[in-house]
Amino acid sequence: MFFKDVVWTPDDPILGLFDIFKKDPRQDKVNLIVGVYKDAEGNTPILESVKLAEKYLFENEKSKAYLGISGSVEYCELVKRLVLGNDHDLIKEGCVEAIQTPGGSGALRLAADFLYENNPKAKIHLSDPTWDNHANVFHHAGLEIAYYPYYDTETKGIKFDELISYLKKVPNGDVVLFHACCHNPTGTDLNEEQWKEISRLSSKKKFLVFFDFAYQGMGDSMEEDSFAIRIFAEENRAFMAAYSCSKNFAIYNERTGALVISAEKPEHARNVMSQLKLCARGNYSNPPSHGAAVVTTVLKIPEIRSLWKQELIAMCGRIKTYRQIFVDTLKNYGSKRDFSFITKQKGMFSYSSLSHEQVMKLREDYGVYMLLSGRINIASLNHHNLDRVCTSIVDVLSDGEG
């Protein structure tokens, strides 16, 4: 009998928890789980710049024909310049290629398939902790996974000395994945000097660096959030970057991403691209059009691009503001725990330092939902739910630490 030996598997730790949240009948429940931007009213808005781009497309689009395997050429060229800047030498020399993918996750999986096909013995090294789906993506592609030291739960910083010691032992040919900015789930990023040291070490050790670049513009700015990759590119010509437009264009359900490849020589980049196209053809064949067309339209029409930049600055600013408001409100409600480290983190996410037991108590007794790791989406906080979240956290801390 078909399927009789198939066993049940647990739900995804993020999306599965969201399903539990939706079934909770409490009217005052709070969702701090899923990583989407929310405005002051708790909505995930369509940007005005995106609406203008869609209006332009509605009036000017002439076909719904398939894109090629590599997607929109114009979109890919624009993404390369978002990642490295308009006039980067590697782009001018023809050493950088890009392939459009179904979201940033599609870029990760496409890279994973390529890496396994070309070096099945290579390990991929992920930060401890990292985004929950990273291990899932690379495991299902067949890659062996290892974890490097990253977040220090005591200092709320980075175990940089341990990280460097670990990287010195990574074999040549292995792959190390870094979050280019707005580390998910901790919100704790490497600084400029630390990136330079890692760049020098990578050049010496010859492991391949793979950047997950999902949050450009959501940490500090478009330029500042790309400095890790641009620092790295100064002395490492070969690297990969999985790019997502979900957050900075707020087009989550359009699944718009790209895989960017930089190589020592143009012919190396072209060869890699040929392999990526083969992997893509055997997976999703060719990517969806609309999201890439929206991004292209936003970026190529000066007035719309200017509006998009303003909207992105506003989103980033709201997140930064609410980090401080969150910390201040916890203190005002009597928290004895120092949460000031949250103001130093970047991007939508924060490692709150709450334990599994405290997270479960918040969920069961107060209807405040976050991941078991204590990761919260700062952008989910607003004037409607802030007091409830903060008083609930203070109550739970008082029960356990008072």
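Quick caveat: nothing in here was measured; it's all calculated off a predicted structure. (Residues numbered from 1 in each chain as written. Predicted model: local features only at pLDDT ≥ 70, side-chain atom pairs only at ≥ 80, totals over all residues. Heavy atoms only, no water.)

### A word on the overall build of the chain
Right, on to step 1. Of regular secondary structure, the chain possesses 14 helices and 13 strands.
Right, on to step 2. Over its C-alpha atoms the chain spans a radius of gyration of 22 Å, differing by no more than 12% from the 21 Å that the globule rule assigns to 402 residues.
Right, on to step 3. In terms of overall dimensions, the chain has a C-alpha envelope of 65 × 60 × 55 Å along the principal axes.
Right, on to step 4. For the chain, buried positions account for 53% of its 402 residues.
Right, on to step 5. For the chain, restricting intrachain contacts to residue pairs at least 6 apart in sequence, the fraction spanning at least 24 positions comes to 74%.
Right, on to step 6. Summing over all exposed atoms, the chain offers an accessible surface of approximately 18,800 Å²; the carbon and sulfur share of this is 51%.
Right, on to step 7. Treating the 48 positive side-chain charges of the chain as one cloud and the 53 negative ones as another, the clouds have centres 3 Å apart. (Helix = DSSP H or I, 4+ residues; strand = E, 2+ residues; numbered from the N terminus. Rg over C-alpha atoms; globule rule 2.2 N^0.38 Å. Buried < 20%, exposed > 50% of the residue type's maximum accessible area, 1.4 Å probe, protein only. Contact = heavy atoms within 4.5 Å. Areas by Shrake-Rupley, 256 points an atom, 1.4 Å probe, with all protein chains shown as cover. Lys, Arg positive; Asp, Glu negative; His and termini not counted. Charge placed at Lys NZ, Arg CZ, Asp CG, Glu CD.)

### Quick look at the pattern of salt bridges
Between side chains of opposite charge, a pair can form as their charged atoms come close.
Right, on to step 1. Enumeration according to the criterion identifies 17 salt bridges in this entry.
Right, on to step 2. With a shortest N-O distance of 2.7 Å, Asp365 and Lys361 are connected by a salt bridge. You can see Asp365 and its partner Lys361 sitting in helix α13 (residues 356-366), four residues apart, about one turn around the helix.
Right, on to step 3. Residue classification places Asp365 among the partly exposed positions, given a relative accessible area of 44%.
Right, on to step 4. Here Lys361 falls in the partly exposed class, since its relative accessible area comes to 28%.
Right, on to step 5. Several salt bridges share partner residues, and in doing so they unite Glu77, Lys80 and Arg81 into one network. (Salt bridge = Lys/Arg side-chain N within 4 Å of Asp/Glu carboxyl O.)

### Some details on the packing of aromatic side chains
Right, on to step 1. Throughout the structure, instances matching the rule amount to 17 aromatic pairs.
Right, on to step 2. Here the aromatic rings of Tyr215 and Phe349 are separated by 5.9 Å at their centres, their planes lie at 90 degrees, and the arrangement is edge-to-face. Highlighted residues: Tyr215 in the loop between β8 (208-213) and α9 (227-233) and Phe349 in strand β11 (residues 349-351), separated in sequence by 134 residues.
Right, on to step 3. On the basis of relative accessibility, which here comes to 3%, the residue Phe349 falls in the buried class.
Right, on to step 4. One aromatic cluster is present, formed by Tyr148, Tyr150, Tyr166, Phe178, Trp195, Phe211, Phe232 and Phe239 through successive ring pairs.
Right, on to step 5. Residue placement shows Lys29 over the ring face of Phe21; its charged tip is 4.6 Å from the ring centre.
Right, on to step 6. Above the face of the Tyr322 ring, Arg318 is positioned so that its terminal group lies 4.9 Å from the ring centre. (Phe/Tyr/Trp six-rings, centres within 6.5 Å; stacked < 30°, edge-to-face > 60°. Lys NZ or Arg CZ within 6 Å of the ring centre and 35° of its normal.)

### Examining the nonpolar core
Right, on to step 1. Counting residues in each nonpolar core, the largest one holds 107 residues, and the members touching the most others are Leu167, Phe178, Phe211, Met218, Ile229, Phe326 and Ile393.
Right, on to step 2. In this view, Leu167 contacts Val176, Phe178, Ile198, Leu201, Lys205 and Phe207; residues no more than four positions away in its chain are not counted.
Right, on to step 3. Membership of the second largest hydrophobic core comes to 26 residues, among which are Leu115, Phe138, Leu143 and Ala280. (Core = buried A, V, L, I, M, F, W, Y, C linked by side-chain atoms within 4.5 Å.)

### Here's the deal with a nonpolar patch on the surface
Right, on to step 1. A contiguous nonpolar surface patch, about 460 Å² in accessible area, is contributed by Phe2, Phe3 and Val6.
Right, on to step 2. If you trace the backbone, Phe3 turns up in the segment before α1 (15-23). (Patch = residues over 30% accessible without salt bridge, like charges linked within 9 Å, V, L, I, M, F, W, Y side chains within 5 Å.)

### Structural notes on the sheet that holds strand β2 (residues 96-102)
Right, on to step 1. One open sheet holds the seven strands; their spatial order is β2-β10-β9-β8-β7-β3-β4, and the pairing between them is mixed. The open sheet has two edge strands, β2 and β4 (144-149), and neither has a second partner. Shown here is a sheet whose adjacent strand axes are inclined to one another by a mean of 25 degrees, direction ignored.
Right, on to step 2. Strand direction decides the pairing type here: strand β7 (residues 175-179) and β8, joined by five bridges, are parallel. (Pairing = 2+ DSSP bridges. Axes fitted to C-alpha atoms, helices over the stretch in contact; angles between N-to-C directions.)

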